[in-house]
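Chain by chain, the residues:
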Amino acid sequence: EAQVTQNPRYLITVTGKKLTVTCSQNMNHEYMSWYRQDPGLGLRQIYYSMNVEVTDKGDVPEGYKVSRKEKRNFPLILESPSPNQTSLYFCASSLSKRGVFNYEQYFGPGTRLTVT
Amino acid sequence: SQQGEEDPQALSIQEGENATMNCSYKTSINNLQWYRQNSGRGLVHLILIRSNEREKHSGRLRVTLDTSKKSSSLLITASRAADTASYFCATDDNYGQNFVFGPGTRLSVLP
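None of these values were measured; they are calculated from a predicted model.

Remarks on the environment of A:Leu95
Argument step 1. Within the secondary structure layout, A:Leu95 lies in the loop between strand 9 (87-94) and strand 10 (105-107).
Argument step 2. Residues A:Leu95 and A:Tyr31, 64 residues apart in the sequence, show an inter-C-alpha distance of 6.3 Å.

See below:
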């Protein structure tokens, strides 16, 4: 089954304790992206990746890191989480053709993160 | 960055009625996409309409795009209780890399 998986689904942590949210897709998609969703603000893009070893900042990258060492995985790293990073996080992937990435995105189920 | 803005923020209708949601954006796009999200779940893609298209249909969904007005509309006909969800439009930048979602429209379909 084609899917995007994220782990963990729920996480409660304390300020400053490094954490990683994993994301994996089995569709051989080149494009992957991370979003956060906050009430009244919709989804905001954190980072995206067009291919292995190619990553770029989205609209709200501060406080986050990503890596793309393999095509299927795109982990989101919070080196020193703060309470303002409490949010619902989504990973997404999509196809690309000839360097064009404007295709539908497939979303993971989400990770609800609480930083106290 | 460019942004999609949905209108209205919330919409409540009776089952069987049509629901129309609008999206406006600010700069040139390659395509505009509509997604649905059931409460707290991942987003599900509904329709993608490219900048050179004016209208697209998928089942009970009809999407229009007016690039001169930088706006799009999503029409759900003969709505069902199962259509209750939040609906988001998303626009890309000129390279199709950076996607921007609007704040969404919360649709409630009452039985």
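After that view of the structure, there is still more to cover.
Considering the interface of chain A and chain B
Argument step 1. With 23 residues of chain A at the interface, the matching set in chain B holds 24 residues.
Argument step 2. Here chain A and chain B share an interface that buries about 1,800 Å² over both sides, 49% of which is from carbon and sulfur atoms.
Argument step 3. At the junction of chain A with chain B, the criterion picks out 0 salt bridges.
Argument step 4. Scanning the region where chain A abuts chain B turns up 3 residue pairs in polar contact (both at pLDDT 80 or more).
Argument step 5. Elements that contribute at least two residues to the side of chain A that touches chain B include exactly strand 4 (31-38), strand 5 (42-51), strand 9 and strand 10 of chain A.
Argument step 6. Residue contributions to the side of chain A that touches chain B peak at 5 residues, all from strand 5 of chain A.

Section: the packing of aromatic side chains
Argument step 1. Within this structure, the stated rule accounts for 8 aromatic pairs over all chains.
Argument step 2. Relative to A:Tyr89, the ring of A:Tyr64 has its centre 5.9 Å away and its plane inclined at 65°; by these criteria the two rings are edge-to-face. In this pair, A:Tyr64 sits in the loop between strand 6 (54-57) and strand 7 (65-66) while A:Tyr89 sits in strand 9, placing the two residues 25 residues apart along the sequence.
Argument step 3. Both rings, one in B:Tyr35 and one in B:Phe101, keep their centres 5.5 Å apart while their planes meet at 50°; by these two values the pair is tilted. Highlighted residues: B:Tyr35 in strand 4 (residues 31-37) and B:Phe101 in strand 10 (residues 99-101), separated in sequence by 66 residues. Here the two residues B:Tyr35 and B:Phe101 agree in accessibility, since each one is buried.
Argument step 4. The ring of A:Tyr103 has B:Arg50 sitting right over it, with the charged end atom 5.2 Å from the ring centre.

About the criteria used
Residues numbered from 1 in each chain as written. Chains lettered and ligands numbered in written order. Predicted model: local features only at pLDDT ≥ 70, side-chain atom pairs only at ≥ 80, totals over all residues. Heavy atoms only, no water. Helix = DSSP H or I, 4+ residues; strand = E, 2+ residues; numbered from the N terminus. Contact = heavy atoms within 4.5 Å. Buried area = accessible area lost by both parts, 1.4 Å probe. Salt bridge = Lys/Arg side-chain N within 4 Å of Asp/Glu carboxyl O. Polar contact = N/O pair within 3.5 Å; in protein donor to acceptor, adjacent residues only side chain to side chain. Phe/Tyr/Trp six-rings, centres within 6.5 Å; stacked < 30°, edge-to-face > 60°. Buried < 20%, exposed > 50% of the residue type's maximum accessible area, 1.4 Å probe, protein only. Lys NZ or Arg CZ within 6 Å of the ring centre and 35° of its normal.

Bear in mind that shape data such as this cannot, by itself, settle questions of function.
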